[in-house]
Amino acid sequence: MFGIGAQRAVYAADPGRSRGRLVAETPPAPGRSQFQRDRDRIVHSTAFRRLKHKTQVFVYHEGDHYRTRLTHTLEVAQIARSIARALKLDEDLAEALALAHDVGHPPFGHAGERALDRAMKGYGGFDHNAQSLRWVTRLERRYAEFDGLNLTWETLEGLVKHNGPLTDRDGTPAGRHAGEGLPHAIRAYSSLQDLMLWSWPSAEAQVAAISDDIAYDSHDIDDGIRAGLFSLDDLVGIGRVGKAIADVRGRYPGLERSRETGEVLRRLITAMIEDVIAETERRVATLRPQSVDDVRLLDGALVAFSPEMAPHDRQVKEFLFKRMYRGQSVMRVMAEAERVIEELFAVYMADLDELPEDWRVGLDGNPSRRARRIADFISGMTDRYALMEHRRLFDATPELR
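Residues numbered from 1 in each chain as written. Predicted model: local features only at pLDDT ≥ 70, side-chain atom pairs only at ≥ 80, totals over all residues. Heavy atoms only, no water.

Undergrad: Teacher, can you tell me more about a positive patch on the surface here?
TA: Residues Arg49, Lys52, Arg142 and Arg384 make up a contiguous surface patch of positive charge. Following the sequence through the fold, Arg142 ends up in the loop between α6 (128-139) and α7 (153-161). (Patch = residues over 30% accessible without salt bridge, like charges linked within 9 Å, V, L, I, M, F, W, Y side chains within 5 Å. Areas by Shrake-Rupley, 256 points an atom, 1.4 Å probe, with all protein chains shown as cover. Salt bridge = Lys/Arg side-chain N within 4 Å of Asp/Glu carboxyl O. Lys, Arg positive; Asp, Glu negative; His and termini not counted. Charge placed at Lys NZ, Arg CZ, Asp CG, Glu CD. Helix = DSSP H or I, 4+ residues; strand = E, 2+ residues; numbered from the N terminus.)

Undergrad: Would you mind going over the pattern of salt bridges with me for this structure?
TA: Two side chains of opposite charge can pair, provided their charged atoms sit close to one another. The final tally for this structure, using the stated rule, is 43 salt bridges. A salt bridge links Arg19 to Asp293; the nearest nitrogen and oxygen atoms lie 2.9 Å apart. Pair noted here: Arg19 is in the segment before α1 (34-43) and Asp293 is in helix α12 (residues 292-296), with a separation of 274 residues, a long-range link. By relative accessible area, Arg19 is classed as partly exposed at 41%. Exposure remark for Asp293: the relative accessible area of 32% places this residue in the partly exposed category. Residue Asp40 pairs with Arg39 through a salt bridge whose shortest N-O separation is 3.0 Å. You'll find Asp40 and Arg39 in the same group, each marked buried. What you see here is one network of salt bridges that share partners, running through Arg32, Arg39, Asp40, Arg81, Arg85, Glu91, Asp92 and Glu95. (Buried < 20%, exposed > 50% of the residue type's maximum accessible area, 1.4 Å probe, protein only.)

Undergrad: What should I look at first to understand the environment of Ser18 in this one?
TA: Topologically, Ser18 is positioned in the segment before α1. For the pair Ser18 and Trp153, spaced 135 residues apart in sequence, the C-alpha to C-alpha distance is 7.2 Å. Once you skip the residues sitting within four places of it in the chain, Ser18 turns out to touch Phe35, Thr152 and Glu154. There is a polar contact of 3.0 Å between the side chain of Ser18 and the backbone nitrogen of Gly20. (Contact = heavy atoms within 4.5 Å. Polar contact = N/O pair within 3.5 Å; in protein donor to acceptor, adjacent residues only side chain to side chain.)

Right under this line is the structure:
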């Protein structure tokens, strides 16, 4: 929200000129912009609250200090607001997109997503980003006049396209969707509202996306060190992380491990945020967008890391992939988690009576509709609810430790 005397960038999204909501609402809420209303609806949604018991990397009962989907999301939102403010963008839109970006994640993080995608082969697959759209446009049931949250066009556009265009101008799926086509939820919603899937999203959506990268890079390092998967010494040769480690050790020799890690990560986050701001300002000066639509029509991203920082980002992700996400202990737990999801899906497909009554309403013999409803149900589960359901239905449930 812009305060008194604040100036909005000409290329920023303007809540006063929003393209509106799928279902018209009157009168507008006094004292809140359209994007503030979106942010508030997301925070009050059931899907958002469930993030507190959904895995980021480590299952919730492995330790109280590891990130969950909720704490990760809050960290992304804080970074997004900082960058948006520096660039004179709409902070509320950037924050709303940061808060909503993971609400479609199933239990057990990407392991749960992989399991659901395999189970949904032949029924349109499963994609957590598309499922986020499905939750905010259809599955949330809090309002008398519409399903979902009835968010503005700008928020839905940013949620779907925060990583860039999904199709070519002629509608042909592009990028990672070129092989398998667009996810089911995105195709279904596109018949109701054109989100310009061929264009780049607003600068605010791009800020939310790159803030997610910054949060992953820094905070997953913190969790990996806490879990004993690696130490700061293992990161000395990794670009900006190594520079931050050298700076902290030179300034504070002999500092205790927890403080040393905190100082390193603080410097890393600051360096990445400052880099994004400087690179984006450089691109703005070169490309000179005069409106949010000019941003959408660019040939590439406006908000980005510099050519110097981008390799560092890749190095960190490669390190975390090998030493954390694909570490033996993490993979063992995630393999068991995938089995929990696959077995739940199979039971519900075989016997709809195992679903809660309100999730069975309106289902007929159509296997695709049944599978999609079951995927919706499972995607809304927290880690602990999925384990409770598995214990109810099976004689043995893995401990996931």
